[in-house]
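Structural features, examined
Given next are the chains, with one letter for each unit.
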Amino acid sequence: MTADSPRLRLGIVAVVAVSLFAALFARLWFLQVLTAGEHELAAERNQQRVVPLPAPRGRILDRDGEVLVANRASNVVLIDRAELNTLEDGEAEAVFARLGAIVDQPPSMLEAALADTTLGPFTPVPVAEDVDEEVLVEVRERQSELPGVQARQLAVRAYPHGTLAAHVLGYVGAINAEELDAAGGPDAPAGYRRASRIGKDGIERAFEDDLRGVDGEVVLEVDADNVPIRELSRREPVQGDDVVLSLDLEAQQAAEQSLAEGMVKTQRHRDPESGEPVIFGGSTVVLDVKEGTVAAMASWPTFNPADFIYEITPEQFAALTDPAQGTPFVNRALLGLYAPGSTWKLVTALAGMEAGLIDPLATINDPGVYTIPDCARGCGRQNAGRAAYKDVDLRRAITVSSDTYFYDLGARMWQQRERLGETPMQDMASLLGFGTKTGVGLPVEAAGRLASPAVRAAQYEANPDAFLSGDWFIGDNVNLAIGQGDVAVTPIQLANAYATFATGGTRYQPNLALRVQDQDGTLIREIEPRVGAQVELPAGARDPVLDGLIGATQSADPKGTAYNAFAGFPHEAYPVAGKTGTAQTGGDRRDDALFAAFAPAGDPRYAISVVMERAGFGSTWAAPVARSVLGSLSGLEEPEAVKPAAGGSRA
Amino acid sequence: MQTTAAPRGLGAVLRRDPTAPWRHLDWPLLGAALAIATLSLLMVFSATRTSLAEAGEDPYAQLKRQAAFLALGLVVMAVVVAIDYRTYRDFAAMGYLTAVGLLVLVLTPLGTEVNAAQSWFQLGSFQLQPAELAKLAVIVVLAAICSSGRSPLARQRLVVCTAITGLPAVLVLLQPDMGSMLVLVAILLGVLVVAGARARHLAALVTIGVLAVVAMFHFDQVDDYQRERLTDFARSGKETGRGSGFQGEQAETAIGAGGLFGKGLYEGTQTKLGFVPEQQTDFIFTVVGEELGFAGSATLVVLYGVIIWRVWRTALLAKDSFGTLVCAGVLAMLLFQVFENLGMSMGIMPITGLPLPLLSYGGSSMVTTCAALGLVLNVHMRRFS
């Protein structure tokens, strides 16, 4: 057989043909036998789309079942950036153009919405909210022309009372990477997905597990254009449980309105450099001392939780956290730190009684000025306005807010530290709950600051450059005795300390919720009162201190510091025991106005604190706000606009 | 059986003359072809019934048309078989010129553009693809030229063959239809190899071909979508979106998802949900793969193997070298188309628009393949006469 033999040449053809067929068989074997499993999975994934059905969250109700947070249906158009990124050049622009025509927005707006970096890459970005039903239908019908675009009906939060109790309620937003990790990731039993919404703050976050419910899902069979063919399976979502708060709608409304009226009148500050107006805020907390719960909690300025229904813009968020605009986002009731000023005299008085330094009936002479004993420099102190109160006993000292009486107490405590220990005041403050979080159960709360010789020495040790000295001087004790110097309290701590005195020593960790119940109102879980500490108040202290506090609001002679603010108040029916305070918190030498009280004095039901930053005298500004709130709570006063009290003083 | 009576009718003739052509019909070849064509009806129906029904049309519409194409193909095959293949040699030039003429005409506004290729004449509700006719014409004319000389094939003749193939190949490429162009090149190589071209001549030819392809890419003479498909192949279908890699990836998924025994007729989800584009035509094999599994697809490949084997055998047995070379051309055409089509469906060849002979939906391809097989049957049964 020669090289030219047709047989041989056909043989070559045969070899080629056999090789090619062998290759085909090998590949067929590889695809259909060796790797069939993964292709089967891929085909299954191809044809199935799991569409989550987010569970509507449970509602948040006030103590009487008044709805504070509910749900409503919203038609939303979203864009899945991950899917959009797979499109070819120019196709995304075409999608924007088509979608823009449907939702009646310029395509550039849609693109801008997508630039939002606060969402993860897999979280669909809402580009049009609360659109008409027809828009949803059109987007779905034209799904093949709109890759990456989703049209959904979402259950979103509704706030029938607007901004009411915004700081307490918190808000809901798209889950972020850290939250998803904390929940164990997207496939964990917790059931959070990348697009899940989660309580971000306030009750929404604190009661997330009760409120969220159980998501459902629909498994759809889809064709190559992602158009659903039929439903393969469906699991209905289960709505979350309702949380019944201890808040009372009317008390909350009274607190917010009174505070806002008062705060608006105090806004007169400008930035010293730019000359632009600077907003200072305030807060008021009302505790139910019998129940151990929060009846009202207000922080001004406030924000609108409805702004968080969809994604908040970076500009909006910046405004909410801008100090010049009063950082509306911050719940001052739990996070505001203030020098307590004369409201602290409750602590000093009780500490003095406990130490045996006070005979309630004994008087000291208050000439209006005071010189610190054993003192080298800067030893002069004076009463507010250098007022000379002459002979003052404990009752009178509280009623008129004699600084000298308490300076003297503070000095004597330090002088007798061998016998009393270095920290009788701090110890009493701790018993009343200062220096630690009240544990009210919202996600963030400040512990406040309570300095002592040991704390100061430790601070100096840790950072010698930041402090002049690590020593504690007698002057520090004198300052602390009137709630100045190295002490900072939160409004809720202040209210809780007065509540503890009001109950005769039961210090609660205030609850914000009473119970969790399902949609039929069936009880799921009762939230029991939590007693943080049972404090034994010093023997014989209650009556004189109570008298002094009642005098502050009622006594005409000597004139109580809150007498003017409570002029005309139904004292007989609803006696109020309170204390004004004026203190410098910032370095700007402007006064914060404070007031703390409980009522009715004989059988206390409520304790209240009011703090108004940079407002001026506590007697002028804070006491009228408290009076307005207590007037509403008593049911005895028709609400009228809060106005500053006449004849106020720093005390 | 030889009895007394005088010969009566065709049956008697057959019985009497052992060399009569009808006695030597290649049944395995015909049987394999008919088996594939029958399967084609099922597969085309499976691939089209859902989308037709969704569009509110008769779900059997494409099945019926394919059945009609098959019937037409069988008639053409019968006609081709009936006339002694040596007669075609005399008409080779005429057939070739007609094919080239039609290829020129299809580029004029008389032709119709489908899928970005000007490849069709619209005749009523049917479409005629002149490139298919050109394949047959080139086979016959190359066989005619190469069988007239001595072996080894002279260089001049090789050049002539190349030129003769090159003209329709360039016209086809202008449509552009790269798949058909490659089939023409495969036919040329097949015929030249069997005709006895020298190895170095073939090597030179292949080198020139490769250079031409490189030059085409370099001077941007390839359409974007073709370039994309070819380079997607190089990227082994890692695409996840709806780019051109999507088609190949979905095809592989469909075939692989079939597993050993398939999902069952009409049960393929990739098929009925439309994940594989062009499924009743170029990607028909994915329906076989998904619904009939390895068992079905391997059987199909074996049937193609039987056809190729019988064509090869016929080339070997042919009475004259014209017959051998016609078979070689048909073999090259079928082998290339089958390998390229199955290869692209399974992701081992680049995606080019080539129908799978006998299985893909489409009249031109069906009739051409039937005619080509008719030629081979013709050569086979006339090997003694």
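What this report covers is the structure whose coordinates are included nearby.

1. Some points on the overall build of chain B
The number of helices and strands found in chain B is 14 helices and 3 strands. Burial analysis of chain B (385 residues in total) assigns 54% to the buried set. When contacts within chain B are restricted to residue pairs at least 6 apart in sequence, those whose partners lie at least 24 apart make up 70%. Only carbon and sulfur atoms are counted for the fraction: they give 67% of the accessible area of chain B, which is about 15900 Å².

2. Some remarks on the packing of aromatic side chains
With the rule as written, the count across this model stands at 17 aromatic pairs over all chains. Ring centres of Tyr405 of chain A and Phe406 of chain A lie 5.3 Å apart, and the angle between their planes is 70 degrees; on these two criteria the pair is classed as edge-to-face. Ring centres of Phe45 of chain B and Tyr266 of chain B lie 5.5 Å apart, and the angle between their planes is 85 degrees; on these two criteria the pair is classed as edge-to-face. Here Phe45 of chain B is found in helix α2 (residues 27-54), whereas its partner Tyr266 of chain B is found in the loop between α10 (245-258) and α11 (269-272), with 221 residues between them in sequence. By relative accessible area, which is 10% here, Phe45 of chain B ends up buried. Taken together, the aromatic side chains of Tyr171, Phe303, Phe308, Phe317 and Phe329 of chain A make up a single cluster linked through ring pairs. Directly above the aromatic system of Phe501 of chain A lies the positively charged group of Arg542 of chain A, at a separation of 5.7 Å from the ring centroid.

3. So, a negative patch on the surface
Residue and element names in this part refer to chain A. Taken together, the side chains of Glu88, Asp89, Glu93 and Glu111 present a region of like negative charge at the surface. Mapped onto the elements, Glu93 comes out in helix α4 (residues 91-103). Residue Glu93 is classed as partly exposed on the basis of its relative accessible area, which comes to 43%.

4. Digging into the side chain of His380 of chain B
Residues and elements named next belong to chain B. Mapped onto the elements of the fold, His380 is located in helix α14 (residues 363-381). Classification of His380 by relative accessible area gives buried; the value is 5%. In this structure, His380 is in contact with His24, Leu25, Asp26, Arg310, Arg313 and Thr314, ignoring residues within four places of it in sequence.

5. Observations regarding the sheet that holds strand β3 (residues 126-128) of chain B
Residue and element names in this part refer to chain B. Reading across from one edge, β1-β2-β3 is the order of the 3 strands in this open sheet, with antiparallel pairing throughout. Because the sheet does not close on itself, it has two edges, and the strands there are β1 (111-114) and β3. Strand-to-strand twist of the sheet, defined as the mean angle between neighbouring strand axes without regard to direction, takes the value 55 degrees. As paired strands, β1 and strand β2 (residues 117-123) are joined by 4 bridges and run antiparallel to one another. Each residue of the ladder has a partner; that of Thr112, found in β2, is Trp120. Each of β1 and β2 is contacted by helix α4 (residues 85-107), which is oriented at about 100 degrees to β2, the strand it contacts most.

6. Let's talk about the nonpolar core
Ranked by size, the top nonpolar core spans 110 residues in total, and within it Ile187, Leu192, Phe285, Ile307, Val311, Leu359 and Leu373 of chain B carry the most contacts. Setting aside residues up to four positions removed in sequence, Ile187 of chain B forms contacts with Lys135, Val138, Ile139, Leu142, Gly329, Ala332 and Met333 of chain B. One finds Val289, Ile309, Ile482 and Ala513 of chain A within the second-largest nonpolar core, a separate group that totals 102 residues.

7. Here's the deal with the state of the cysteines
All names here are of chain A. The final tally for this structure, using the stated rule, is 1 disulfide over all chains. Through a disulfide, Cys375 is tied to Cys379; the S-S separation comes to 1.7 Å. Classification of the bridge connecting Cys375 and Cys379 rests on its S-S torsion, roughly -85 degrees, and on that basis the disulfide is left-handed. What makes Cys375 partly exposed here is its relative accessible area of 28%.

8. Re the interface of chain B and chain A
Between chain B and chain A, the contact holds 50 residues from the first and 34 residues from the second. Here chain B packs against chain A, burying approximately 3600 Å² in sum over the two surfaces, 71% of which is carbon and sulfur. With a closest N to O distance of 3.0 Å, Glu252 of chain B and Arg27 of chain A form a salt bridge. In this structure, the connection of chain B to chain A is made through 8 residue pairs in polar contact (both at pLDDT 80 or more). Secondary-structure elements contributing two or more residues to the side of chain B that touches chain A are α7 (178-195), α10, α11, α12 (284-317) and α13 (321-345) of chain B.

9. Let's talk about the pattern of salt bridges
All names here are of chain A. The full count for this structure, using the stated rule, is 33 salt bridges over all chains. Linking Arg605 and Asp288 is a salt bridge whose minimum nitrogen-to-oxygen distance equals 3.0 Å. You can see Arg605 sitting in the loop between β24 (591-599) and β25 (606-612) and its partner Asp288 sitting in strand β11 (residues 282-288), a full 317 residues away along the chain. Owing to a relative accessible area of 31%, Arg605 belongs among the partly exposed residues under this scheme.

10. Regarding the sheet that holds strand β8 (residues 216-222) of chain A
All names here are of chain A. Ordered by their spatial adjacency, 3 strands build an open sheet running β1-β8-β9, and the pairing between neighbours is antiparallel. Where the open sheet ends on each side, the last strands, each with one partner, are β1 (48-53) and β9 (228-235). Pairwise comparison of adjacent strand axes, ignoring direction, gives a mean angle of 25 degrees for this sheet. Sheet topology note: the β8/β9 ladder contains 6 bridges and is antiparallel. Opposite Val222, over in β9, you have Pro228 as the bridge partner. On top of the sheet, helix α2 (residues 36-47) reaches β1 and β8; it is set at about 50 degrees to β1, its chief contact.

11. A word on helix α1 (residues 6-34) of chain A
Between its first and last C-alpha, α1 of chain A extends 40 Å over 29 residues, near the 42 Å set by a 1.5 Å rise per residue. Every buried residue belonging to α1 of chain A is among Arg9, Leu10, Val13, Ala17, Phe21, Leu24, Arg27, Leu28, Leu31 and Gln32 of chain A, and all of these are buried.

12. Quick notes on the packing of α1 of chain A against α13 of chain B
Where α1 of chain A contacts α13 of chain B, the two axes come as close as 11 Å, and the packing angle between them is 15 degrees. When the axes of α1 of chain A and α13 of chain B are compared, the pair comes out roughly parallel. For the pair α1 of chain A and α13 of chain B, the crossing hand works out as left-handed. Of the residues in α13 of chain B, those in contact with Leu10, Val13, Ala17, Leu20, Phe21, Ala23 and Leu24 of chain A of α1 of chain A are Thr324, Leu331, Leu335, Val338, Phe339, Leu342 and Gly343 of chain B. Along the lines of polarity and charge, the residues of the contact of α1 of chain A with α13 of chain B split into 12 nonpolar, 2 polar and no charged.

13. What to know about the pairing of strand β3 (residues 67-79) of chain A
If a strand is regular, its side chains alternate between the two faces of the sheet. Residues and elements named next belong to chain A. By the bridge criterion, 2 bridges tie strand β2 (residues 60-61) to β3 in an arrangement that is antiparallel. From the neighbouring strand, Ile60 faces β3, where its bridge partner is Val69. Linking β2 back to β3 in an antiparallel pair, the connection comprises 5 residues, with Gly65 at a positive phi of about 90 degrees. As judged from the 10 bridges shared by β3 and strand β5 (residues 149-158), these two strands associate in the antiparallel manner. By the bridge assignment, Leu78 is partnered in β5 with Gln150. Of the pairings in the sheet, the one linking β3 to strand β4 (residues 125-128) comprises 3 bridges and is antiparallel in character. Across the sheet, Val77 pairs through a bridge with Ala128, a residue of β4.

14. Concerning helix α6 (residues 155-174) of chain B
All names here are of chain B. Relative to the 28 Å expected for 20 residues at 1.5 Å per residue, α6 spans 28 Å between its end C-alpha atoms, a close match to the ideal helical length. At Gly166, α6 is bent by approximately 25 degrees, the largest bend along its length, and proline Pro168 sits one to four residues beyond. Among the residues of α6, those classed as buried are Leu158, Cys161, Ile164, Thr165, Pro168, Ala169, Leu171 and Val172.

15. Regarding a nonpolar patch on the surface
Taken together, the side chains of Leu8, Ile12 and Val16 of chain A define a hydrophobic patch exposed on the protein surface, amounting to about 240 Å² of accessible area. Positionally, Ile12 of chain A belongs in helix α1.

16. Examining the packing of α13 of chain B against α14 of chain B
Residue and element names in this part refer to chain B. The geometry of α13 relative to α14 is characterised by a closest axis approach of 9 Å and an angle of 145 degrees between their N-to-C directions. Viewed along their axes, α13 and α14 form a crossing whose handedness is left-handed. Contact residues: α13 offers Gly323, Val326, Cys327, Val330, Met333 and Leu334, while α14 offers Thr369, Ala372, Leu373, Leu375, Val376 and Val379. Along the lines of polarity and charge, the residues of the contact of α13 with α14 split into 10 nonpolar, 2 polar and no charged.

So, how was this worked out
Residues numbered from 1 in each chain as written. Chains lettered and ligands numbered in written order. Predicted model: local features only at pLDDT ≥ 70, side-chain atom pairs only at ≥ 80, totals over all residues. Heavy atoms only, no water. Helix = DSSP H or I, 4+ residues; strand = E, 2+ residues; numbered from the N terminus. Buried < 20%, exposed > 50% of the residue type's maximum accessible area, 1.4 Å probe, protein only. Contact = heavy atoms within 4.5 Å. Areas by Shrake-Rupley, 256 points an atom, 1.4 Å probe, with all protein chains shown as cover. Phe/Tyr/Trp six-rings, centres within 6.5 Å; stacked < 30°, edge-to-face > 60°. Lys NZ or Arg CZ within 6 Å of the ring centre and 35° of its normal. Patch = residues over 30% accessible without salt bridge, like charges linked within 9 Å, V, L, I, M, F, W, Y side chains within 5 Å. Salt bridge = Lys/Arg side-chain N within 4 Å of Asp/Glu carboxyl O. Lys, Arg positive; Asp, Glu negative; His and termini not counted. Charge placed at Lys NZ, Arg CZ, Asp CG, Glu CD. Pairing = 2+ DSSP bridges. Axes fitted to C-alpha atoms, helices over the stretch in contact; angles between N-to-C directions. Core = buried A, V, L, I, M, F, W, Y, C linked by side-chain atoms within 4.5 Å. Disulfide = S-S within 2.5 Å. Buried area = accessible area lost by both parts, 1.4 Å probe. Polar contact = N/O pair within 3.5 Å; in protein donor to acceptor, adjacent residues only side chain to side chain. Expected span 1.5 Å × (residues − 1). Parallel < 35°, antiparallel > 145°, perpendicular 65-115°, else oblique. Left-handed = near helix turned anticlockwise from the far one by under 90°. Nonpolar A, V, L, I, M, F, W, Y, C, P; charged D, E, K, R; others polar. Bend = angle between axes of the 7 residues up to and from the residue.

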